[in-house]
Amino acid sequence: MLEIKDLHATVDGKEILRGLSLSIKAGEVHAIMGPNGSGKSTLSYVLAGRDGYAVTKGEVLYRGKNLLAMEPEVRAAEGVFLAFQYPVEIPGVSNTTFLKHALNAVRKHRGESELDAMQFVKLLRETMKKLGMSEEMLKRAVNVGFSGGEKKRNEVLQMALLKPAFAVLDETDSGLDIDALKVVSDGVNSLRAPDRAMLVITHYQRLLDYIVPDHVHVLAKGRIVRSGDKSLALELEKSGYAAFAKEAA
Amino acid sequence: MAVTTETREQVKALDKYKYGFVTDIEMETAPKGLDEDTVRFISAKKNEPAWMLEWRLKAFRHWLGMKEPAWAKVSYPPIDFQNAYYYAAPKKKPTVKSLDEVDPELLETYKKLGIPLAEQERLAGVAVDAVFDSVSVATTYKGKLEKMGIIFCSISEAMQKHPELVRQYIGTVVPYTDNFYATLNSAVFSDGSFVYVPKGVRCPMELSTYFRINASETGQFERTLIVADAGSYVSYLEGCTAPMRDENQLHAAVVELVALDDAEIKYSTVQNWYPGDENGKGGIYNFVTKRGACRGRNSKISWTQVETGSAITWKYPSCILQGDNSQGEFYSVAITNNYQQADTGTKMIHLGKNTRSRIISKGISAGHAQNTYRGLVRVGPRAEGARNYTQCDSLLIGDKCGAHTVPYIESKNRSARVEHEATTSKISDDQLFYCRQRGLSEEDAVSLIVNGFCKDVLQELPMEFAVEAQKLVAISLEGSVG
Amino acid sequence: MAVAATPSAGGAYLERYADARRRLAAGSAPWLEGWRRAGAEAFRGAGFPTIKNEGWRFTPLYGLVEGDFSVDAPAAPFDQSRIKGVTFGREAGNRLVFVNGRLRGDLSSLKQLSPGIELLSFAEALASRPRLVEAALGTAPGLAGHPFAALNAAFAADGYVLHLAPGARSEAPIEILWIGSGADKPPVYHPRNLVVAGNGAHATVIEHHVGLCIGAYFSDTVTEIALGEGAVLRHCKVQDESREAFHLALTGARLAAGAHYDSFVHSAGGRLSRNEIHVALEGRRAQCRLNGAYLGRGEQIVDHTTVIDHVSPETSSKELYKGVLDGRARGVFQGRITVRPNAQKTDGQQMNRALLLSDKAEIASKPELEISADDVKCSHGATAGELDDVSLFYLRSRGIPEAEARRLLVEAFLNEVIDSVALAGMRLTLERNIARWMAGPA
């Protein structure tokens, strides 16, 4: 589904990704672990197409297409979803309005009919019920005044509605207490599907107890220095990142 | 080649401004130009009482000695006031009992505007006093309002049927000497609405008027007077779209509101006159004087405006808070794109004790536009316990536009509390990226974020307008990004 | 209805003091005389501003336009003992003392000037450093078209000139003491001050304007400041003119890249005072802070006007003015922030708060944002009101008498600005001034 080949990317002229390669198949959950500054968030922004992240070398094929040539909204419509580490606040725009606009934009791109208000609210209610979320969150402005846990749950809700083929979860565990982490992970797990791939980016092994990956990669200094199964995460927990940093040097 | 290109450009331009079309209707016009005879012609045409003509003439004579104000942050070529028509009326008899009697062509015009009268009457329960080029042609729901003692008619009709009421209030809030444009309006106003809500009556529906400029080179001088007697309530909606014109058209309206003891007037405007094309050619010059007097104790006047149209907007809906405990509110969204210029704001004049005012202004500037908030909060020495809160936020889209904030704050009473806050910023890259990552195009993302920015104001609009206004916000910003 | 002065008042004013201008012209270099003449002609055209001029709508110049002053009057006898108590810091600092606008070398002392620093009077500088003066004169922002800058140019005879070589640092603050001593006929003086700081230079200038007389006088000061790259100027001014004085001060500062201008103004004296500051942030990352604390009572008009021009990207400005008004005093605050089209990443913050203590006191506030770049963060705020009832009650409920409680709250209100003054000695003086002011009119 996703093929990253020798990806190099710079931010403000500084090279952050230095030859990252990764292959993800449909139905798989991959985890990328790495210390601060290893390029985890850069990878997620490059995949989502944020301005200011310049790809200097390499390519990313998504379902056989050149992902890097697409505008951010086209990537989203094509099924690439980024769950933000720090979901953005948009004052004055109600969560419902935002979700409806997003869903209809994506549906339109896919050639599906746009949902009217009634259909949308019905779908939204069902989805929220499945995820065990309270509807009170919908009336408030997007992420404004949300707690850390609410923001992350809101990301999962968006993912559930937009039904991406490939989701990147950027440090979804950051800022969550153990209860919230469990709720969010349950949500993510319910979205695992044979035709959907996920890339879970995290600093800590803890998250992977809840979202169990098929493959684990260690990122250091902008490239993947080790890959393995979930046991690699446990090994990492014991030894720390220092040993891997050496490998990268 | 040049001709075809031009035609294509014109068609494209027409597409852009969907309300830009011209209805062909025979006009009966006053001769071009402005002198005392023009004023007499208008007054005679409307069969006005002698005192009204006298008042108009006084205004006209005063106007001759006035200069156009130059303090606003707007620039435009000099207006030739002699090269305009000051009166135009549809030829068909302007008194109709039902919509059937209205010129079918006119009805078609409204249909194109998306405001079919018949449907509104039936579905929305809105009484519409439709003004087509200065003269009222249709008034609906009159019967129902009449039973409650509410007078809602054109000001010309009011002059015939309720001259004592008109005479008692006209010019008492905006005197004929007030300012260049208001004085001009006093001399040559053609028509407008008149509302009187008697004591203790709560007007059960939103009163609404749609204004349109139609005839070429016809200056538009509406005059509206709303009087809410003690303990009454009325909500008035004003909305307008204008057909596309190449030459600039002048619009100088005057609106006067009077609220007596415990009365409340809510006045909402969606202004979408033709703003000119992408290069700043054409568009309406909108020089409006709107003022409300909270004469009575506990009275309240609330202005809400969404200003998206016109090449130039110059208006400062104001409240004179005379009555003790009276309240004034001003909620404004002003959007300027391309080469539009808006200089708008409010004046809150606190005279009575414990008077309160609240100002929420949201200015959005895109393209090469200039958007200015200009306001005055004045607290007089006798306004014990007066309170004002002002919040002015500006949003800039693109680096060729300007946003300016010029508030004047004058307090002569120590027990008064005046607070003013203003910010200027742009749409954050974070917000844009977040929306686009969820599949919204950049343009949709901007429209969504801007609507959120304006929410505090838009939610003050009556339901009928709120939806239209949200769409307008999006339409007004088309082409501003990318 | 106020009577507006007519522009012809400018011509009349110049005629009245034609003798003084002739005396100044005698022996002046042609360029200097040309400059003065241009000032005179500009003032003749503009005249005194009236309340019909937008920038002066709240500040009528009653008593000034028709006032009969004497230009260049001989300074009254004045001895060292009288300046004790009005100086700051150490007795033996770097200090220039001006009496009625003229330098008094006998009262001044320059003992601790660091290398690369020159401090001299405008009159001396014209003689010894004419090229420095010629290059710097009339280049500051805000002067063009300003009637009082023009008037000042027509009559400028003295002032101070501070020149800092690149990298020079003044260890001790430089103190400029301006004394209005009165005379048989109310004096008028037009000091022209120049501060030129080379790249990386640092200095602190304290100016104290004090009236040691009861009568009227008119001080029309222009200060021009040019800061080179990375230069830093701290500029503290205490205005404590006599009750009848007219104090009009115009400061224009130009900042090169990375320069920092830090201004603090305390205004308490004068029948009419206007402290006007124009800052042009011309170089990238230039920054300024303009703070002020003002007090007004009686019939005083206390005007603070600031204009900040963000010319280059990444420039920042911060302003905080706080005033307390009693009696029939009028406070005026006008603050404009302009952001030029390419001045992206600008940060401009402004706040003005006024406290009204009496029924007749008033405040007029006109903050203004004029923004032509999109990637900016700009804000302004203004508040006006009386002392908070709840706080007052709280203090009184703890046994503090009302007058005392009021004083404490007023001081607390002003402390936010006073605390921004870096010099501890200066802060103490200001706190004393405020306490004295609160105790009532002298």
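Residues numbered from 1 in each chain as written. Chains lettered and ligands numbered in written order. Predicted model: local features only at pLDDT ≥ 70, side-chain atom pairs only at ≥ 80, totals over all residues. Heavy atoms only, no water.

K.L.:
Pulling in residues and values, what's your account of the overall build of chain C?
P.N.:
Of regular secondary structure, chain C possesses nine helices and 21 strands. A compact globule built from 442 residues would reach a C-alpha radius of gyration of about 22 Å, and chain C, at 21 Å, matches this within 12%. Reported as C-alpha extents along the three principal axes, the dimensions of chain C are approximately 70 × 55 × 50 Å. Taking all 442 residues of chain C together, 60% fall into the buried category. Pairs at least 24 apart in sequence give 85% of the contacts found in chain C among residues at least 6 apart. (Helix = DSSP H or I, 4+ residues; strand = E, 2+ residues; numbered from the N terminus. Rg over C-alpha atoms; globule rule 2.2 N^0.38 Å. Buried < 20%, exposed > 50% of the residue type's maximum accessible area, 1.4 Å probe, protein only. Contact = heavy atoms within 4.5 Å.)

K.L.:
Now, about the interface of chain A and chain B: what can you tell me, with residues and values included?
P.N.:
How big an interface is tends to be stated in terms of the accessible area lost upon association of its parts. Listed per partner, the contact involves 31 residues of chain A and 18 residues of chain B. Of all residues in chain A, R50, E73 and V88 of chain A give up the largest surface area on contact with chain B, accounting jointly for 26% of the area buried on that side. Between chain A and chain B we count four salt bridges in total. The salt bridge partner of E73 of chain A is R436 of chain B, with a shortest N-O separation of 2.6 Å. For the pair chain A and chain B, the interface holds twelve residue pairs in polar contact (both at pLDDT 80 or more). When residues of the side of chain A that touches chain B are traced back to their parent elements, those giving at least two are α1 (40–48), α2 (72–77), β6 (80–83), β7 (90–94), α3 (95–109) and α6 (148–162) of chain A. For the side of chain A that touches chain B, the per-class residue count stands at 20 nonpolar, six polar and five charged. (Buried area = accessible area lost by both parts, 1.4 Å probe. Salt bridge = Lys/Arg side-chain N within 4 Å of Asp/Glu carboxyl O. Polar contact = N/O pair within 3.5 Å; in protein donor to acceptor, adjacent residues only side chain to side chain. Nonpolar A, V, L, I, M, F, W, Y, C, P; charged D, E, K, R; others polar.)

K.L.:
Residue-level account of helix α2 (residues 18–25) of chain C, with values.
P.N.:
Because an α-helix packs 3.6 residues into every turn, residues spaced three or four apart end up facing the same way. All names here are of chain C. Every buried residue of α2 is listed here: A18, A20, R21 and L24. Axial view of α2: buried residues confined to an arc of 160°, hence all on one face. G27 lies just past α2 and shows a positive phi near 85°. (Arc of directions from axis to C-beta.)

K.L.:
Explain the nonpolar core to me, and be specific about the residues and the numbers.
P.N.:
Among the nonpolar cores identified, the biggest contains 92 residues, and L207 of chain B together with Y160, L162, I176, L227, L255 and Y261 of chain C are the most heavily contacted of them. Of all the elements, strand β21 (residues 376–385) of chain C adds the most residues to this core, at four residues. Listed in part, the 68 residues of the second largest apolar core include M70 and V142 of chain A together with V306 and Y434 of chain B. (Core = buried A, V, L, I, M, F, W, Y, C linked by side-chain atoms within 4.5 Å.)

K.L.:
Go over the sheet that holds strand β3 (residues 29–33) of chain A with me, naming the residues and quoting the values.
P.N.:
Residue and element names in this part refer to chain A. Taken together, the six strands give an open sheet; going across it, the order is β6-β9-β10-β3-β11-β12, and neighbouring strands pair in mixed fashion. The sheet terminates laterally at β6 and β12 (223–228), the two strands that pair on one side only. With strand direction ignored, the average angle separating the axes of adjacent strands in the sheet is 20°. Relative to β6, α6 is tilted by about 170°, and along the sheet it contacts β6, β9 (166–170) and β10 (197–202). (Pairing = 2+ DSSP bridges. Axes fitted to C-alpha atoms, helices over the stretch in contact; angles between N-to-C directions.)

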